[in-house]
Amino acid sequence: MARELTIRAESWPLARPFAISRGVKTAADVVVVEITEGGVRGWGECVPYPRYDETIDSVIAEIEAVRRAIEGDAANAELQSLMAAGAARNAVDCALWDLRAKQTGTPVAELCGLGPLTPEITAETIGIGTPDEMGARAGELKAAPLLKIKMDAED
């Protein structure tokens, strides 16, 4: 059964600007990968990071370079030799895991042999802003179990 690969760029506006030491983001610019086989669609996404010399265009080009293998029968493990570690491989890998999970009706964690998943504490991040802005944001997140606060070394 042949696979069909779809790649597209999307931009998702953030609820508020997010400032860190390397700049301010107002949107999440992502590459979405869909792999369809036998009417079942696997989905994955990635965020290209300029810090790692990645752009939307370079990630799409990297995925396009292995389209034939992906639309053939390349498995997740094969991606390790076909693609460099990074955003592009992440999106394709996630789409293939999602496809297999949906085809088999088995959660990805079980396919990986991880056993039952348990909740984990994750941090809510407060971006750089004025003291008043950051204080207000901390107040909004007072119920969060863990806060990560970005600081400006200049200020």
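Up top is the structure.
All figures in this text were calculated on a predicted structure; none of them were measured in a lab.

Chemist: For this particular structure, what's the right way to read the sheet that holds strand S3 (residues 40–46)?
Modeler: Here 3 strands make up an open sheet; going across it, the order is S1-S2-S3 and the pairing antiparallel. If you trace the sheet from one side to the other, it starts and ends with strand S1 (3–20) and S3, each paired once. Strand-to-strand twist in this sheet, taken as the mean axis angle between neighbours without regard to direction, amounts to 20°. By the bridge criterion, 14 bridges tie S1 to strand S2 (residues 23–37) in an arrangement that is antiparallel. Within the sheet, the bridge partner assigned to Pro-13 lies in S2 and is Ala-27.

Chemist: In this structure, what is going on with the packing of aromatic side chains? I would like to understand it.
Modeler: Aromatic ring pairs are defined here through the distance separating the ring centres and the angle between the ring planes. As enumerated under the stated definition, the model contains 1 aromatic pair in all. Judged by centre distance (6.4 Å) and plane angle (80°), the ring pair of Tyr-49 and Tyr-52 falls under edge-to-face. For Tyr-49, a relative accessible area of 43% puts it in the partly exposed group.

Chemist: Sorry if this is basic, but what is going on with the nonpolar core here?
Modeler: The nonpolar side chains of soluble globular proteins are, as a tendency, buried together. Formed by 19 residues in total, the largest nonpolar core has its most connected members in Val-33, Ile-35, Ile-63 and Val-92. Listing elements by their share of this core, those giving two or more residues are S1, S2, helix H1 (56–65) and helix H4 (87–104). A per-element tally of this core places H4 first, with 7 residues. Leaving out residues up to four positions away in the same chain, Ile-35 has contacts with Arg-3, Glu-4, Leu-5, Val-40, Arg-41, Gly-42, Ile-70, Val-92, Ala-95, Leu-96 and Leu-99.

Chemist: Explain the pairing of S2 here, please?
Modeler: In regular strands, side chains alternate between the two faces of the sheet. What sits between the antiparallel neighbours S1 and S2 is a turn of 2 residues. Sheet analysis places S2 next to S3, joined by 7 bridges and oriented antiparallel. Looking at the pairing, Val-32 lines up with Glu-45 of S3. The hairpin turn running from S2 into S3, its antiparallel successor, is 2 residues long, and Gly-38 in that turn takes a positive phi close to 60°.

Chemist: Any chance you could explain the packing of H1 against H4 here in plain terms?
Modeler: It is the contact of H1 with H4, at a shortest axis distance of 8 Å, that shows an interaxial angle of 55°. Judged by the inter-axis angle, H1 sits oblique to H4. Pair H1 / H4 crosses with right-handed handedness. Mapping the contact onto sequence places Val-59, Glu-62 and Ile-63 in H1 and Ala-87, Ala-88 and Val-92 in H4. For the contact of H1 with H4, the per-class residue count stands at 5 nonpolar, no polar and 1 charged.

So, how was this worked out
Within each chain, residues carry numbers counting from 1 in the order of the written sequence. With pLDDT at 70 or above as the cut-off, local features in this predicted model cover only qualifying residues; side-chain atom pairs require 80 or more to be listed or tallied, and sums for whole chains, interfaces and linings still use all residues. The basis for every side-chain value is the complete set of heavy atoms in the structure, and neither hydrogens nor water enter the calculation. Strands qualify as paired when DSSP identifies two bridges or more between them. Secondary structure follows DSSP: runs of H or I at least 4 residues long count as helices, runs of E at least 2 residues long count as strands, and numbering of each begins at the N terminus. To get an axis, a line is fitted to the C-alpha atoms, and for a helix only the part in contact is used. The angle between two axes follows their N-to-C directions and goes from 0 to 180 degrees. Any two rings among Phe, Tyr and Trp, with Trp reduced to its six-membered ring, count as a pair given centres within 6.5 Å; such a pair is stacked if its planes are under 30 degrees apart, edge-to-face if over 60, and tilted if neither. Relative accessibility decides the category of a residue: with a 1.4 Å probe and only protein chains considered, values under 20% of the type maximum give buried, values over 50% give exposed, and everything between is partly exposed. Nonpolar core, defined: a set of buried Ala, Val, Leu, Ile, Met, Phe, Trp, Tyr and Cys residues in which side-chain atoms within 4.5 Å join the residues together. Here, residues are in contact when the closest pair of their heavy atoms is within 4.5 Å. These descriptions rest on fixed angle ranges, namely under 35 degrees for roughly parallel, over 145 for roughly antiparallel, 65 to 115 for roughly perpendicular, and the rest for oblique. Left-handed describes a crossing whose near helix is turned anticlockwise from the far helix by less than a right angle; the clockwise case is right-handed. For this classification, the nonpolar set comprises Ala, Val, Leu, Ile, Met, Phe, Trp, Tyr, Cys and Pro, the charged set comprises Asp, Glu, Lys and Arg, and every other residue, Gly included, is treated as polar.

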